[in-house]
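What the coordinates show
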Amino acid sequence: MSESYLSIRRLHQVFGDFVALRDISLDIREGEFVCFLGPSGCGKTTLLRAVAGLQLQTGGDIFQAGQRISWLPPEQRDFGIVFQSYALFPNLNVADNIAYGLRNRRTGRSEVRARVAELLELIGLPDAGKKYPSQLSGGQQQRVALARAIATRPGLLLLDEPLSALDARVRVHLRHEIKELQRRLGVTTIMVTHDQEEALAMADRIVVMNHGCIEQVGTPQQIYAEPASAFVASFVGTMNFLPAIRIGEGRVRIGERTLNCRTLSPHGNGEVRVAIRPEDVRTRYNGDASNLISARVRGLEFLGAFVRSELEIDGVDEPLVADFSANDVRDLGIEAGNVLNLDLPAQRLHLFEH
């Protein structure tokens, strides 16, 4: 990938007394697939609309391919957009829906026909040109909306919760198709989603947002394995948070047990929260007993590929949730009431302010 294709500088957006975006700065590289991820009301859709010019920001700048587009109307910006609701024209057939933007640009008829045929083939609906949107499934309609968005070969593709109206199975299938299509076309893409699994599966980088601010920017692996804040840790994936006392560099006390912890921050001694993902709690260890902790099994929940267990640690009010493989549960005879010696690996423990 090349240098920054889309640059957002100190963008802020205010609606009356409500601050929707707070000094947002972000660089997106050409050809990159970036997800804006966060809960409802975090500002992700507002940021997307600002990039598109559908909602002019209160302040700040946006640059695309070196051009300042901050105050340009949407029709003068180089993007295609796909909405959650598809927004297809019900009175136009599929071919005419896809051709809409091309005809607005007064593209020649033969070129329009060739481009529409190319796109119908690309989205796997080569024989659907004469059908109307009402004759298509939700997944097919979303493919047509995608084809319409890229018909004019825009430099930027914007996806606003494009899969949230579809059922789970279609969603999983279509997210793979969209990612493969984006990779083949090489178009710079921004997708808004509140679905963490969607973001982890599709994005080259994820921008996690909360209360109008960016909490963290990173690859899916970085966001999941190295969360920069307690919010990111809790929003992306499942995370345990246990009250603890920091008692020195790389040492914390949970209940009556002192554990090693590689995380260097927050600095100073005192109350902290130790976080660990359920899959990082181990029932087997490599001979290093420094981070072993005893816990009683409160209950087990069979979830197919793994068994989720709720564990009780002496002196700790919060339960510890751990995911064990079905093999471990069977081989070790794990059941409710058992007391287990668990390994909480130092490199998997994260510290956050209390």
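Residues numbered from 1 in each chain as written. Predicted model: local features only at pLDDT ≥ 70, side-chain atom pairs only at ≥ 80, totals over all residues. Heavy atoms only, no water.

**Some words on unusual backbone geometry**
- One non-glycine residue, Asp23, lies in the positive phi region at around 50 degrees.
- By secondary structure assignment, the location of Asp23 is in strand β2 (residues 18-29).
- A positive phi angle, close to 50 degrees, is found at His211, a residue other than glycine.
- Looking at the secondary structure, you find His211 in the loop between β9 (205-210) and β10 (213-218).
- Here His211 falls in the exposed class, since its relative accessible area comes to 58%. (Helix = DSSP H or I, 4+ residues; strand = E, 2+ residues; numbered from the N terminus. Buried < 20%, exposed > 50% of the residue type's maximum accessible area, 1.4 Å probe, protein only.)

**Some thoughts on the packing of aromatic side chains**
- Taken as a whole and assessed by the stated rule, the structure comprises three aromatic pairs.
- Taken together, a centroid distance of 5.5 Å and an interplanar angle of 15 degrees make the contact between Phe231 and Phe235 stacked. Taken together, the positions of Phe231 and Phe235, both in helix α8 (residues 230-235) and four residues apart, correspond to about one turn of that helix. Here the two residues Phe231 and Phe235 agree in accessibility, since each one is buried.
- On the numbers, 6.2 Å between centres and 50 degrees between planes, the contact of Phe241 with Phe352 is tilted. Of this pair, Phe241 sits in strand β11 (residues 240-248) while Phe352 sits in strand β19 (residues 350-353), placing them 111 residues apart in sequence.
- On the basis of relative accessibility, which here comes to 7%, the residue Phe352 falls in the buried class.
- A cation over an aromatic ring shows up here: Arg273 above the ring of Phe241, its NZ or CZ 4.9 Å from the ring centre.
- Sitting above the plane of the Tyr224 ring, Arg277 keeps its charged end 3.9 Å from the centroid. (Phe/Tyr/Trp six-rings, centres within 6.5 Å; stacked < 30°, edge-to-face > 60°. Lys NZ or Arg CZ within 6 Å of the ring centre and 35° of its normal.)

**Overview of the pairing of strand β8 (residues 188-193)**
- Among the six residues that make up β8, six are buried, leaving the element largely enclosed by the rest of the structure.
- The alternating pattern of β8 places Thr188, Ile190 and Val192 on one face and Thr189, Met191 and Thr193 on the opposite face, and all of these are buried.
- Inspection of the sheet shows strand β3 (residues 33-37) paired to β8 by five bridges, in the parallel sense. The residue of β8 that forms the bridge with Phe33 is Thr189. (Pairing = 2+ DSSP bridges.)

**What about the UniProt feature "domain: ABC transporter" (unreviewed entry) in the protein?**
- Per the UniProt record, "domain: ABC transporter" (unreviewed entry) is annotated on residues 6-236.
- End C-alpha atoms of residues 6-236 are separated by 25 Å, and the span's content is 36% helix alongside 27% strand. (UniProt positions renumbered as here; feature names shortened; annotations may be inferred.)

**Describing the packing of helix α4 (residues 138-150) against helix α5 (residues 168-185)**
- Two elements in contact, α4 and α5, have axes separated by 11 Å at closest approach and are oriented at 20 degrees. What the angle tells us is that α4 and α5 run roughly parallel. The interaxial crossing formed by α4 with α5 has right-handed handedness. Judged by residue contacts, Gly139, Gln142, Arg143, Leu146 and Ile150 of α4 engage Val170, His173, Leu174, Glu177, Ile178, Leu181 and Leu185 from α5.
- Its residues assigned to classes, the contact of α4 with α5 shows seven nonpolar, three polar and two charged. (Axes fitted to C-alpha atoms, helices over the stretch in contact; angles between N-to-C directions. Parallel < 35°, antiparallel > 145°, perpendicular 65-115°, else oblique. Left-handed = near helix turned anticlockwise from the far one by under 90°. Contact = heavy atoms within 4.5 Å. Nonpolar A, V, L, I, M, F, W, Y, C, P; charged D, E, K, R; others polar.)

**Brief notes about the sheet that holds strand β6 (residues 79-82)**
- On the basis of which strands lie adjacent, the open sheet formed by six strands has the order β6-β7-β8-β3-β9-β10 and mixed pairing. Only two strands of the sheet have a single neighbouring strand rather than two, namely β6 and β10. Each strand axis lies, on average, 15 degrees off the axis of its neighbour in the sheet, ignoring direction.
- Sheet topology note: the β3/β9 ladder contains four bridges and is parallel. Bridge pairing links Val34 to Arg205 in β9.

**Observations concerning the pattern of salt bridges**
- On inspection of all chains with the given rule, the structure shows 18 salt bridges.
- Salt-bridge contacts for Glu118 lead to Arg115; the nearest nitrogen and oxygen are separated by 3.3 Å. In this pair, Glu118 and Arg115 are both assigned in helix α3 (residues 109-122), three residues apart and thus about one turn of the helix distant.
- Looking at Arg115, the relative accessible area reads 9%, which means it is buried.
- Of the charged contacts, one joins Asp204 and Lys179 as a salt bridge, the two residues approaching to 3.3 Å between their closest N and O atoms. Residue Asp204 is located in the loop between α6 (196-202) and β9, and its partner Lys179 is located in helix α5; the two are separated by 25 residues in the primary sequence.
- Residue Asp204 is classed as partly exposed on the basis of its relative accessible area of 26%.
- Look at the salt bridges and you will find they share partners, linking Arg29, Glu32 and Arg205 into a network. (Salt bridge = Lys/Arg side-chain N within 4 Å of Asp/Glu carboxyl O.)

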